[in-house]
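Descriptive analysis of the structure
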Amino acid sequence: MTDWQSHTDRARTWFEDLRNQICAEFEAIEREAGSDAQFQYKAWTREEAGNADPGGGTQGLMKGKVFEKVGVNVSTVRGNFSQEFAAQVNGASPESPGFTATGISLVAHMANPHVPAVHMNTRFLTTQAAWFGGGADLNPPLPYEDDTEAFHAAFRAACAAHNPTYYDRFKKWADEYFYIPHRGVHRGVGGIFYDHLECEDDAAFDRNFAFTQDVGKSFLDIYPKLVRKRMEADFSPQDKQQQLEWRGRYAEFNLVYDRGTLFGLKTGGNIDAILMSLPPEAVWS
């Protein structure tokens with residue numbers, strides 16, 4: 001019989017380790033720019049009536065010279081969905097509303113508009129089913145074709161190492177998901193998005209966990225390279241204005257359409273951690 005608690009613990013340990021690696025790399029970039037900015041961490045505990053062990057997480061936040069605002073959150077929570085929400089979740093129902101969820105979520109908004117904003121998230125959930133999901137997408141106010149290609153190439157390689165169909169499928173999914181219908185525009189230049197990589201048994205867990213780890217490693221490899229490449233570029237007031245307008249689009253998507261935001265709010269997550277994805281400053285013209 002599959003030990004899902006053990007698998008949840010394995011995933012949680014990886015997400016926390018990935019958080020540590022990413023935060024160390026981002027702090028190193030700040031030092032290269034002459035800044036002493038560091039992540040500040042705040043632990044939080046989830047509350048659920050009648051649940052003695054609801055879990056919680058840690059919010060990591062840094063505001064620096066290069067990273068105007070970057071949040072890297074990890075959480076592991078467990079409990080029961082509301083009756084209404086349980087009916088909408090894979091493997092759950094009003095009769096079986098129990099769940100566990102562990103994951104890492106990252107959003108970076110950059111000071112220099114030539115440096116792309118970015119989002120990355122990977123997660124493992126169990127209900128009566130168990131699955132991995134996640135992905136990463138690039139959100140440049142001032143797109144560069146070579147940056148876009150490098151970002152996609154990193155995830156193309158990660159996908160190819162596991163399944164030759166993954167990249168095309170998950171790129172298409174990202175293009176469809178990170179779209180703002182009321183604006184008729186995509187949130188950025190895409191990336192990959194996947195969900196419901198089902199773990200029917202131990203072998204499927206190991207297979208999907210290995211892929212999810214490679215998604216995290218690929219992000220850690222490619223994104224700091226893009227930051228270092230653009231962080232000292234000169235920019236004009238017009239460039240900054242374009243960045244602020246695109247941040248408005250980012251906020252609209254996350255507040256209206258993003259599934260992660262909804263999941264966090266519906267499961268009693270930490271409000272500050274959930275909304276850390278919002279930019280520090282934006283404009284609507």
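The structure we're discussing is the one just above.
Being a predicted model, the structure only gives us computed values, none of them experimental.

The secondary structure content of the protein amounts to eight helices and nine strands. In summary, the protein has a C-alpha radius of gyration of 19 Å against a globular reference of 19 Å for 285 residues, a match within 12%. Summarising its shape, the C-alpha atoms of the protein cover approximately 60 × 40 × 40 Å along the three principal directions. The buried share of the protein, reckoned over its 285 residues, is 52%. Of the contacts formed within the protein by residues at least 6 apart in sequence, a portion of 68% connects residues at least 24 apart. Approximately 12,700 Å² of the protein is accessible, and the part contributed by carbon and sulfur atoms is 50%.

What follows deals with the packing of aromatic side chains. The final tally for this structure, using the stated rule, is 27 aromatic pairs. On the numbers, 5.3 Å between centres and 80 degrees between planes, the contact of Phe124 with Phe205 is edge-to-face. On the criterion of sequence distance, the pair formed by Phe124 in strand β5 (residues 117-126) and Phe205 in helix α5 (residues 202-230) is long-range, its members being 81 residues apart. For the pair formed by Phe124 and Phe205, the shared burial category is buried. Taken together, the aromatic side chains of Trp173, Tyr177, Phe178, Phe193, Phe253 and Tyr257 make up a single cluster linked through ring pairs.

In terms of residue burial, β5 counts as a mostly covered element, since 10 of its 10 residues are buried. What you see with β5 is no split at all: Ala117, His119, Asn121, Arg123 and Leu125 on one side and Val118, Met120, Thr122, Phe124 and Thr126 on the other are buried throughout. As paired strands, strand β4 (residues 98-110) and β5 are joined by nine bridges and run antiparallel to one another. By the bridge assignment for β5, Thr100 is matched with Thr126. Between the end of β4 and the start of β5, which pair antiparallel, lie six residues. Two elements, β5 and strand β6 (residues 130-139), share 10 bridges in a ladder whose sense is antiparallel.

At a minimum axis distance of 11 Å, the contact between helix α1 (residues 4-32) and α5 shows a crossing angle of 5 degrees. The orientation of α1 with respect to α5, classified from their angle, is roughly parallel.

Bringing unusual backbone geometry into the picture now. Note: most residues except glycine have negative phi, and most peptide bonds are trans. At His196, a residue that is not glycine, the phi angle is positive and equals roughly 55 degrees. As for its position among the elements, His196 is in strand β9 (residues 190-198). For His196, a relative accessible area of 33% corresponds to the partly exposed category.

Now for the packing of helix α3 (residues 145-160) against α5. Where α3 meets α5, the axes come as close as 9 Å, and the angle between the chain directions of the two elements is 160 degrees. Judged by the angle between their axes, α3 and α5 are roughly antiparallel. As for how α3 packs across α5, the hand of that crossing is right-handed. Residues Asp146, Asp147, Ala150, Phe151, Ala154, Phe155, Ala158 and Cys159 of α3 touch α5, and the partners they reach there are Phe211, Asp214, Val215, Ser218, Phe219, Ile222, Leu226, Lys229 and Arg230.

Rules used in this analysis
- Residues numbered from 1 in each chain as written.
- Predicted model: local features only at pLDDT ≥ 70, side-chain atom pairs only at ≥ 80, totals over all residues.
- Heavy atoms only, no water.
- Helix = DSSP H or I, 4+ residues; strand = E, 2+ residues; numbered from the N terminus.
- Rg over C-alpha atoms; globule rule 2.2 N^0.38 Å.
- Buried < 20%, exposed > 50% of the residue type's maximum accessible area, 1.4 Å probe, protein only.
- Contact = heavy atoms within 4.5 Å.
- Areas by Shrake-Rupley, 256 points an atom, 1.4 Å probe, with all protein chains shown as cover.
- Phe/Tyr/Trp six-rings, centres within 6.5 Å; stacked < 30°, edge-to-face > 60°.
- Pairing = 2+ DSSP bridges.
- Axes fitted to C-alpha atoms, helices over the stretch in contact; angles between N-to-C directions.
- Parallel < 35°, antiparallel > 145°, perpendicular 65-115°, else oblique.
- Left-handed = near helix turned anticlockwise from the far one by under 90°.

That's the geometry; what it means functionally is another story.
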